[in-house]
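Residues per chain, in single letters:
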Amino acid sequence: MIIPARNEALNIGHCLQALFNQYYPRALTEIIVVNDFSTDQTAARVLEYGNQCKLLNLSDYTPDSLNSYKKKAIETGIKFSTGELIICTDADCVMGPDWISTLVSAYQKDDFQFIAAPVKINVNKSALSVFQALDFISLQGITGAAVYKNLYPMCNGANLAYTRRAYDAVGGFTGIDHIASGDDMLLMKKIQASFPGKSGYLKDARAIVCTAPAENMKAFFNQRIRWASKMAHYKHPATFITLAGVFLVNSFLLLLFISCFFYGHWRWFLLLLAFKTISEYFFVSKVSSFFQQQSLMKYFPVCQPFHIAYTVIAGSFGSFGKYEWKNRKVK
């Protein structure tokens with residue numbers, strides 16, 4: 001298990017405890033935390049667990065002048081690991097006790113070289129967390145369908161696995177190491193190209209990883225802009241067509257909404273909004289049942305107008321702007 005961590009002193013303990021509680025044999029596991037130039041007590045918290053896990057300080061292996069620290073952290077962790085199956089998660093994630101066993105079983109059964117696995121956002125009392133959870137449910141549904149149908153690479157770095165064989169065969173992050181984001185989907189794209197038909201989405205509730213929502217609107221938009229920033233680097237026709245279609249549809253609806261204040265057309269806007277909401281509702285509802293978050297669906301229609309605006313804003317800034325992540329400004 002490779003866990004990049006930057007300023008995660010409040011979360012890393014929960015993540016490590018969840019890993020220590022796994023049913024998979026401890027003698028066959030290796031937990032490596034890579035401290036990414038943290039300015040808090042992240043390293044000290046990891047050291048409290050002694051030899052139950054290994055701590056690597058990224059500052060010992062690279063200067064603090066990169067554009068893609070997370071890729072370098074994962075690369076460093078892999079370099080000092082010995083296992084055949086590399087499993088990646090984030091320091092602010094927790095998982096059930098069957099997590100490793102389920103991933104390993106899928107690898108052994110299907111001979112997958114890359115496994116994308118489900119991620120769930122926990123909901124607190126804020127409306128923003130509900131919006132994020134619903135948005136993430138939709139993204140996970142699209143991810144599962146895209147990988148299962150072998151349409152285009154989609155995954156989330158909080159929960160994925162790949163073999164050392166595949167990682168070495170594609171040269172790791174070589175060629176994409178200058179891009180701030182994309183330690184997950186861009187690597188998946190490389191592995192899919194070299195090992196066609198050997199990637200899969202693990203639809204198993206035991207493999208779900210849970211993470212907390214972004215704390216505020218600024219953090220949320222920075223996260224989504226970071227995700228959108230890697231899209232320009234895919235150079236994958238199906239991916240481009242799909243993402244461009246989503247962006248254009250939402251842009252049209254947003255422009256139509258704005259024009260209503262000047263020219264009317266409210267009936268057309270409301271009809272299109274209703275059509276979009278209803279057509280997406282049934283798909284998202286099915287996915288929400290897998291994550292046991294069906295209770296959130298009552299908020300789905302209310303979130304739709306905000307989802308349109310956020311998609312356009314994040315997509316625009318992801319393609320042309322800079323963003324801040326973990327107290328770093330990157331492009």
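Relevant structure appears above.
For the structure given in this document, a descriptive report is provided here. Per chain, the residues get numbers from 1 upward, laid out in the order the sequence is written. In keeping with the predicted nature of the model, local features appear solely for residues at pLDDT of at least 70, side-chain atom pairs appear and are counted solely at 80 or more, and the whole-chain, interface and lining totals rest on all residues. Note that the side-chain values use all heavy atoms of the structure and ignore hydrogens as well as water.

1. Some points on the sheet that holds strand β5 (residues 93-95)
Backbone-to-backbone hydrogen bonds pair the strands of a sheet. The strands run either parallel or antiparallel.
Logical step 1: Ordered in space as β5-β10-β7, the three strands form an open sheet in which the pairing is mixed. Each edge of the sheet is formed by a strand with only one pairing partner; in this case those strands are β5 and β7 (119-121). Recorded for the sheet is a direction-independent mean angle of 30 degrees between the axes of neighbouring strands.
Logical step 2: Think of it this way: DSSP has to see at least two bridges between two strands before they count as a pair. Helical segments are the DSSP runs of H or I of at least four residues, strand segments are the runs of E of at least two, and each set is numbered from the N terminus. Pairing between β5 and strand β10 (residues 209-211): three bridges, direction antiparallel. Bridge pairing in β10 places Val-94 opposite Cys-210. Only the contacting stretch of a helix is used when fitting its axis, a line to C-alpha atoms as for every element, and angles between N-to-C directions run 0 to 180 degrees.

2. Some words on helix α7 (residues 185-194)
Logical step 1: Think of it in three bands: residues with accessible area under 20% of the maximum for their type are buried, residues over 50% are exposed, and the middle band is partly exposed, with areas taken using a 1.4 Å probe on protein chains only. Of all ten residues in α7, seven are buried; the element is thus mostly enclosed.
Logical step 2: Where α7 is concerned, the buried positions are Met-185, Leu-186, Leu-187, Met-188, Lys-190, Ile-191 and Gln-192.
Logical step 3: In this structure, the buried residues of α7 make contact with β6 (114-116), α5 (127-148), β8 (159-163), α6 (164-169) and β9 (199-201). Should any heavy atoms of two residues lie within 4.5 Å, those residues are counted as being in contact.

3. Describing helix α10 (residues 266-290)
Logical step 1: Take the number of residues in a helix, subtract one, and multiply by 1.5 Å to get its expected span. Between its terminal C-alpha atoms α10 stretches 36 Å, which fits the 36 Å expected from 25 residues at 1.5 Å a residue.
Logical step 2: The principal kink in α10, of about 35 degrees, is found at Tyr-281.
Logical step 3: The complete set of buried residues in α10 reads Phe-269, Leu-273, Lys-276, Thr-277, Val-284, Val-287, Ser-288 and Phe-290.
Logical step 4: The first or second residue beyond α10 is Gln-292, which carries a positive phi of 55 degrees. Two axes define the bend at a residue: one fitted to the seven residues ending there, one fitted to the seven starting there, and the bend is the angle between them.

4. So, the packing of aromatic side chains
Logical step 1: Stacked, edge-to-face and tilted labels apply to pairs of Phe, Tyr and Trp rings (six-membered ring for Trp) whose centres lie within 6.5 Å, assigned for plane angles under 30 degrees, over 60, and everything in between, in that order. The full count for this structure, using the stated rule, is 20 aromatic pairs.
Logical step 2: Judged by centre distance (5.6 Å) and plane angle (80 degrees), the rings of Phe-131 and Tyr-310 are edge-to-face. Here Phe-131, found in helix α5, pairs with Tyr-310, found in helix α11 (residues 300-320); they are 179 residues apart in sequence, far enough to count as distant. Note on accessibility: Phe-131 and Tyr-310 belong to one class, buried.
Logical step 3: Ring centres 6.4 Å apart and planes at 70 degrees place the aromatic pair Phe-221 and Tyr-310 in the edge-to-face group. On the criterion of sequence distance, the pair formed by Phe-221 in helix α8 (residues 217-229) and Tyr-310 in helix α11 is long-range, its members being 89 residues apart.

5. What about a nonpolar patch on the surface?
Logical step 1: On the surface, a nonpolar cluster with roughly 930 Å² of combined accessible area is contributed by Leu-255, Phe-257, Ile-258, Phe-261, Phe-262, Tyr-263, Trp-266 and Leu-270.
Logical step 2: At the level of elements, α9 (237-263) and α10 are the ones that each hand at least two residues to the nonpolar patch.
Logical step 3: Along the chain, the position of Leu-270 falls in helix α10. Patch members must show over 30% relative accessible area and no salt bridge, and they are joined within 9 Å when carrying like charges or within 5 Å when they are nonpolar side chains of Val, Leu, Ile, Met, Phe, Trp or Tyr. Working definition of accessibility: Shrake-Rupley area with a 1.4 Å probe, residue cover restricted to the visible protein chains. Any carboxyl oxygen of Asp or Glu that lies within 4 Å of a side-chain nitrogen of Lys or Arg is treated as forming a salt bridge with it.

6. Comments concerning the nonpolar core
Logical step 1: Definition of nonpolar core: a set of buried residues of the types Ala, Val, Leu, Ile, Met, Phe, Trp, Tyr and Cys, connected through side-chain atoms within 4.5 Å. If you look at the biggest cluster of nonpolar residues, it comprises 94 residues, and the most contacted ones within it are Ile-3, Leu-16, Leu-19, Trp-99 and Tyr-162.
Logical step 2: At nine residues, the largest contribution of residues to this core is made by α5.
Logical step 3: Sequence-distant contacts of Ile-3, that is, excluding residues within four places in its chain, are made with Ile-12, Cys-15, Leu-16, Leu-19, Ile-31, Ile-32, Val-33, Val-34, Thr-89, Asp-90 and Ala-91.

7. Remarks on the pairing of strand β4 (residues 85-89)
Logical step 1: Of all five residues in β4, five are buried; the element is thus mostly enclosed.
Logical step 2: Residues Leu-85, Ile-87 and Thr-89 line one face of β4 and the alternating positions Ile-86 and Cys-88 line the opposite face, and both faces are buried.
Logical step 3: Across five bridges, β4 lies against β8 in antiparallel orientation. Paired with Ile-87 across the strands is Ala-161, a residue of β8.

Bear in mind that shape data such as this cannot, by itself, settle questions of function.
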